[in-house]
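Coordinates in review
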Amino acid sequence: MAALSGRQIAWGVLAQVWVDTSYDATELAAFRAQLAATGLSSRELKHIAYYEVCGAFALYTLAVYASAGMALPDWFYAEEDAQQQVAAWLARPRLLSLLNPFWWLGYLLAIDLMGSTLNTVLSPDTPPS
């Protein structure tokens, strides 16, 4: 099996950050270590989180909110599935998403959902909430 790129690893980790908003200090440290090992800058990781992961999971996020959380897969999104989901979204024409008002609503919800945990994962000095 080929080695995963830093981006692919980040997609998997950041999809897990998107799934849940409460992690203990050990889990946050593990996420930070995985993201640090990618060699990507904080700016690149934020771009991946907010543009690539939130974009890929926008419609899924809308389904999660519409179903009051029942659509989430046991509060875990498999890293391989996340990588495939983000890669598929990045491969399709962006215009298809930009013209879809449901995508926009889900995208904004995904950003809000991820934002509460992302800063804690990217900043080792931020205490878990």
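Heads up: the structure comes first, above all this text.
Now for a description of the structure that goes with this document. Since we're looking at a predicted model, the values are computed, not measured. (Residues numbered from 1 in each chain as written. Predicted model: local features only at pLDDT ≥ 70, side-chain atom pairs only at ≥ 80, totals over all residues. Heavy atoms only, no water.)

Moving on, we get to the pattern of salt bridges. Between side chains of opposite charge, a pair can form when the charged atoms approach closely. Under the criterion given, the structure shown has 1 salt bridge. The salt bridge partner of Arg7 is Glu52, with a shortest N-O separation of 2.7 Å. One end of the pair, Arg7, is in helix α1 (residues 6–19); the other, Glu52, is in helix α3 (residues 42–56), with 45 residues separating them in the sequence. On the basis of relative accessible area, Arg7 is assigned to the partly exposed category, the value being 30%. Using a relative accessible area of 5% as the deciding quantity, one classes Glu52 as buried. (Salt bridge = Lys/Arg side-chain N within 4 Å of Asp/Glu carboxyl O. Helix = DSSP H or I, 4+ residues; strand = E, 2+ residues; numbered from the N terminus. Buried < 20%, exposed > 50% of the residue type's maximum accessible area, 1.4 Å probe, protein only.)

Our focus in this paragraph is α3. For α3, spanning 15 residues, the distance from its first C-alpha to its last is 20 Å, which sits close to the expected 21 Å at 1.5 Å a residue. The largest bend in α3 amounts to roughly 30° and is located at Ile48. Every buried residue of α3 is listed here: Leu45, Ile48, Ala49, Glu52, Val53, Cys54, Gly55 and Ala56. Considering only its buried residues, α3 is in contact with α1, α2 (25–37), α4 (58–66), α5 (79–91) and α7 (101–122). (Expected span 1.5 Å × (residues − 1). Bend = angle between axes of the 7 residues up to and from the residue. Contact = heavy atoms within 4.5 Å.)

On to α5. Spanning 13 residues, α5 covers 18 Å between terminal C-alpha atoms, matching the ideal 18 Å at 1.5 Å per step. Residues of α5 that are buried in the fold lie against α1, α3, α6 (94–98) and α7.

Keep in mind these numbers describe shape, not what the thing actually does.
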